[in-house]
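Each chain, written out:
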Amino acid sequence: MLNEAVVRQLREIVGGKFFRTDQEALITHSYDGTPMLQALPDAVIYPESTEQVSEIMKIANSNLIPIVTRGSGSNLCGGTVPLQGGIVMVMHRMNKIIEVDMENLTAIVQPGVITGQFITHVEGLGLFYPPDPSSMKISTIGGNIAECSGGLRGLKYGTTKDYVLGLTAVLANGSIIRTGGKLTKDVAGYDLTKLLVGSEGTLAVITEAILKLIPQPKTKKTMVAMYKDIYGAARTVSKIIKNQIIPATLEILDNPTIRVVDDFAKIGLPLDMAAILIIEQDGEPEMVERDIEKIQLICKEEQADRIDVAADREEAEKLLTARRSAFTALARLRPTTILEDATVPRSKIAEMILRTNAIAQKYNVNIATFGHAGDGNLHPTATTDARDHEEVHRVEEAFAEIFEAAIELGGTITGEHGVGVVKAPYLEWKVGEAGVEVMKGIKGAFDPLNILNPSKIFAKETKKRVVVQHG
Amino acid sequence: MASTTGKPVIEHANPLARTLLEKLDYDQLTNCMRCGFCLPACPTFHETGMEPASPRGRIAMMKAAVDGLMVPDQQFQDQMNLCLGCRACEPSCPADVKYGQLIEQTKEAIEEHATHSLPIKVIRKTVFKNLFPKRGSLKLLGGSLAVYQKSGLQKVVQSTGVMKLFPKQLSEMEAILPSASSKGVVERLGTFYPAKGEAIAKVAMFRGCIMDVMFADTNVNTVELLSAAGFDVYIPESQVCCGALHAHSGEMNGARELAAVNIDIFKQLDVDYIVSNAGGCGALLVEYDHLMQDNKKYSESAKWFASRVIDVSTLIVEKGRVPKFAQKESSPHAEKIKVTYQDSCHLRNVMKGSSAPRKLMKEIVNAEYVEMAQSDRCCGSAGIYNVVQPEMAGSILEHKMEHANNTQASYMLTSNPGCLLQMKLGIEKHKPDQTMKAMHIVDFLHDRMILSE
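Everything numeric in this text was worked out from a predicted model, so none of it was measured.

**Q** Run through the overall build of chain B, naming residues and quoting values.
**A** A tally of regular secondary structure across chain B gives 25 helices and 11 strands. Per-residue burial for chain B yields a buried fraction of 59% across its 453 residues. When the accessible surface of chain B is split by element, carbon and sulfur atoms take 53% of a total near 19,300 Å².

**Q** Tell me about empty space enclosed by the protein, and please be specific about residues and values.
**A** Residue and element names in this part refer to chain B. Across all of its chains, the model carries four cavities of 30 Å³ or more by this definition. What the largest cavity holds in volume is close to 150 Å³. Around the largest cavity sit 18 residues that line it, and Cys-32, Cys-38, Ile-59, Cys-93 and Val-97 are the ones nearest its centre. For the lining of the largest cavity, the leading source of residues is helix H4 (residues 55-67), giving three residues. Classifying every residue of the lining of the largest cavity by side-chain character gives 13 nonpolar, two polar and three charged. Each pocket or cavity is described by its volume, and for the second largest cavity that value is around 90 Å³. Taken together, 14 residues form the lining of the second largest cavity, with Cys-42, Pro-43, Cys-83, Cys-86 and Cys-89 sitting closest to its centre. When residues of the lining of the second largest cavity are traced back to their parent elements, those giving at least two are helix H3 (43-48) and H4. Looking at the lining of the second largest cavity, its residues break down into 10 nonpolar, two polar and two charged.

**Q** With reference to specific residues and values, describe the nonpolar core.
**A** Counting residues in hydrophobic clusters, the biggest one holds 87 residues, and the most contacted among them are Leu-226, Tyr-288, Phe-305 and Leu-413 of chain B. Per-element tally for this core: the top contributor is helix H15 (residues 252-269) of chain B, with seven residues. Not counting residues within four places of it along the chain, the set of residues in contact with Phe-305 of chain B comprises Asn-262, Ile-263, Phe-266, Ile-274, Leu-285 and Tyr-288 of chain B. Listed in part, the 59 residues of the second largest apolar core include Ala-326 and Leu-330 of chain A together with Ala-60 and Tyr-99 of chain B.

**Q** Outline the packing of helix H1 (residues 15-23) of chain B against helix H6 (residues 99-113) of chain B, supporting the account with residue identities and numerical values.
**A** Residues and elements named next belong to chain B. It is at 9 Å that the axes of H1 and H6 come closest, and there the two elements cross at 145°. Relative to H6, H1 is oriented so that their crossing is right-handed. Across from Pro-15, Leu-16, Thr-19, Leu-20 and Lys-23 in H1, the residues of H6 making contact are Gln-105, Thr-106, Glu-108, Ala-109, Ile-110, Glu-112 and His-113. Across the contact of H1 with H6, the residue classes tally to five nonpolar, four polar and three charged.

**Q** Give me the lowdown on the interface of chain A and chain B, citing residues and values where you can.
**A** The interface of chain A with chain B comprises 33 residues on the first partner and 37 residues on the second. Here chain A and chain B share an interface that buries about 3,000 Å² over both sides, 57% of which is from carbon and sulfur atoms. Where chain A meets chain B, there are three salt bridges. For Arg-332 of chain A, the salt bridge goes to Asp-96 of chain B, with nearest N and O atoms at 3.9 Å.

**Q** Before we move on, could you go through the sheet that holds strand S4 (residues 273-276) of chain B and cite the residues and values that matter?
**A** Residue and element names in this part refer to chain B. Strand order across the open sheet formed by five strands is S1-S3-S2-S4-S5, with mixed pairing between neighbours. Unpaired on one side and paired on the other, strand S1 (192-193) and strand S5 (309-311) mark the two borders of the sheet. Of the pairings in the sheet, the one linking strand S2 (residues 201-206) to strand S3 (residues 231-234) comprises four bridges and is parallel in character. When the sheet's bridge partners are listed, Lys-202 is paired in S3 with Asp-232. Contacts between helix H13 (residues 216-228) and the sheet are confined to S1, S2, S3 and S4, with S3 contributing the most and set at about 150° to the helix.

**Q** Can you tell me about helix H1 (residues 4-14) of chain A, naming the residues and giving the values?
**A** Each α-helix turn comprises 3.6 residues. Residues three or four places apart therefore point the same way. Residues and elements named next belong to chain A. All of the buried residues along H1 are Val-6, Val-7, Leu-10 and Val-14. Summarising the axial view, the buried residues of H1 lie within an arc of 100°, below the 170-degree limit, and thus occupy one face. Of the residues in H1, the exposed ones pointing more than 90 degrees away from the buried face are Glu-4, Arg-8 and Glu-12. As for H1, its buried residues are in contact with strand S1 (19-20), strand S2 (43-45), helix H3 (50-62) and strand S4 (87-90). Just past H1, the residue Gly-15 takes up positive phi, approximately 90°.

**Q** Please give an account of the packing of aromatic side chains that cites residues and values.
**A** Counted according to the given criterion, the structure contains 13 aromatic pairs over all chains. With a centroid separation of 5.3 Å and an interplanar angle of 90°, the aromatic rings of Phe-128 of chain A and Tyr-157 of chain A are classed as edge-to-face. Of this pair, Phe-128 of chain A sits in strand S7 (residues 127-128) while Tyr-157 of chain A sits in helix H6 (residues 154-157), and the two are 29 residues apart along the sequence. An identical accessibility class is assigned to Phe-128 of chain A and Tyr-157 of chain A; each is buried. With a centroid separation of 5.9 Å and an interplanar angle of 65°, the aromatic rings of Phe-327 of chain A and Phe-37 of chain B are classed as edge-to-face. Placement of Phe-327 of chain A in helix H11 (residues 313-331) and of Phe-37 of chain B in the loop between helix H2 (26-31) and H3 is noted, with the two residues assigned to different chains. The rings of Phe-399, Phe-403, Tyr-426 and Trp-429 of chain A are connected pair by pair, giving a single aromatic cluster. The ring centre of Phe-18 of chain A lies 3.4 Å from the NZ or CZ of Arg-93 of chain A, which sits over that ring.

Conventions used here
Residues numbered from 1 in each chain as written. Chains lettered and ligands numbered in written order. Predicted model: local features only at pLDDT ≥ 70, side-chain atom pairs only at ≥ 80, totals over all residues. Heavy atoms only, no water. Helix = DSSP H or I, 4+ residues; strand = E, 2+ residues; numbered from the N terminus. Buried < 20%, exposed > 50% of the residue type's maximum accessible area, 1.4 Å probe, protein only. Areas by Shrake-Rupley, 256 points an atom, 1.4 Å probe, with all protein chains shown as cover. 1 Å grid on protein atoms, 1.4 Å probe; cavity = no way out; pocket = protein on both sides within 12 Å on 5 of 7 lines; lining within 4 Å. Points joined across faces, edges and corners; volume = space filled by probe spheres on them. Nonpolar A, V, L, I, M, F, W, Y, C, P; charged D, E, K, R; others polar. Core = buried A, V, L, I, M, F, W, Y, C linked by side-chain atoms within 4.5 Å. Contact = heavy atoms within 4.5 Å. Axes fitted to C-alpha atoms, helices over the stretch in contact; angles between N-to-C directions. Left-handed = near helix turned anticlockwise from the far one by under 90°. Buried area = accessible area lost by both parts, 1.4 Å probe. Salt bridge = Lys/Arg side-chain N within 4 Å of Asp/Glu carboxyl O. Pairing = 2+ DSSP bridges. Arc of directions from axis to C-beta. Phe/Tyr/Trp six-rings, centres within 6.5 Å; stacked < 30°, edge-to-face > 60°. Lys NZ or Arg CZ within 6 Å of the ring centre and 35° of its normal.

Next up, the structure:
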């Protein structure tokens, strides 16, 4: 509970309407997109400027009140659930696109801008902002920066971190820092911009961002290749890259996903296929033609059973429907959908999928896998029911083993969702004890009193590794 | 093996929480995975930017109330009532959560515990128990309204400014009400109207209650349009109100009683389709199977009924012989007349009928169809929402009319009486740059129908 003096001061900063302690506000800010996770805050605040954020942080810091910043709360790692209570700071009111600089190809935005709307805006000006998380219709730029979101175009264009040039951020003690700028080159000291991207709200509150924009690709072409042998699909992925072709999108759906998607969307997917690849290339027309032809050739060499190239955008959309409806179809199977984020080097895609399927079988749980094959970022997705504690326990055990497998194959526990609270027990598996210590040191430098999104990233205890063997 | 379904076992001290626990579908509450995909679709979230005013927020509160995490207080009830019930969140939900059912169950629970003031109690009783269910009363009202409008009394009332004594939104509505009539479609056309040419199918028309009093011409035009498209049209005389207004106001039992009467009457006719020309009615009719699922006597025939319900535009486009439509009295060199469309939320989100009206508008010779930005977003009418939530409805309408203005269209077409009135009100209040007229799509098409000899 917050004391009256604090409540009065906070109310003065933002006004009564934007500081709330009523039941309704607390309940509706006690969750995000992560299944089976809920905790009530003590208050919710909606600042509208960097200065207000700074004032709020000064009060929070001197009263040791946890602050959890939040955009639309679509994240999947529990990153915005206020596990230690305190104040949830909603960034929705700071939603302006301040500037699009056509000479420097940069934009300055506030964190509450919806990513999809920003993309539409810059595309209207003939420019391109590539990071496209599947949640972009609702997720905010601030949230994308905090989690370092990826998306379908990550393979060719990189992820959010590759497009953030500079930041304005408020530290735990209320100081305002500015990092980077509209600069391509800048080596003045540590790269605090990159450090803050993906810091999950634990180091500072981001209140403004300078983003890099690039020219829009002139054309796009989309195709789908179907395989009876999952290794054929996986070898295709490696071979495309080895041939130095970098498609804009290179997605995979495994057999359990194909079955579910077709059962739901009835689009005539072949149920006897082990995997489908959906591939899109963009750029100059001649290059796109050449790449798509070459990719088809590779697909054939790797025994693709069927290859369809979309004749036009409408047909391309139909092909992409399969990929897009994967999440929707899976979400309709059972009440609780746990979408995970194990990532491996792209040469290990097939092995990772096969191991995931074996693990699912071992624990008798339903796991389908789809994801961004081109960058090795897979989404093994379990469909379960939160009310069946015994089954949920088996799902958790299975995922621990999946993360274990990902690390063994040279991968990581999360490719784009972040650590939050869900992956915290596994962080040490990936970065090691010394790695965790360095990270804790950085956290201490930014936020010595641990008020910014406490209980996230760093777990009290590391989960024991399920299988102790290194291959 | 642990149970995977079912409600939690909780003893609630709060009476509303007890009723919510009893009425709410706990599986649906659990199905919401809080991904947030519904947020951009929701008009009240769009207007406020506040999570509690979103479908995800409302479901979280319903679940919290049932789970005992929050007491369903006045604020809870206000937030539930702020929902337009447009159901735009449903098509955007990956998990297929039946939000419409959840909000209806919640409103029903709230209504059971509501302590309305005496005048509201009297009005609710009159409206829900006497006016809508009883055709005679409605016709009488239509007749008096017609007398009021035709006798010059309306002009007198308007000029005396007596309407200023009523709440603003009511006086605004009074100004745009269409001419009422005591003669409905059956009085004018009888109970059967044959197909022009060979009959493709046998259909029954759902004439509605408001539709048949305030928009009787639209009902007549609907029948003529259906006949031209090749359908034998029956109009059962003893059909009653669909019950949508009851259902949306938490009077579920009233809605069920009406549904039973309608199901019996239409079942006797053994038709291929039951045609609706009002999205709001159609959406409840198409869900009669859900409404009656716990009623053993009616659950099977409710399924029969629901599976036959179809919107007039969809039926014509998908099953009929689409008549020729042309802009009459138009010289070949005249500029094409621009037409735009406001979706009926219930037609779009529940009946899945958004493409057929657009196809028909594009068929009209010498007219140009212009898509309005955010035409899929609720106009704020939503049954009686604009009367009970004037502030939110007003702000939604203001944004709607900005988009309407940008189309530069001369005609704003709709597929539901509530939306039609709201569009008329919007045009009246926010005067677009060009002259704009709001019309039901059926009337517009009927005016332009070219009958082949």
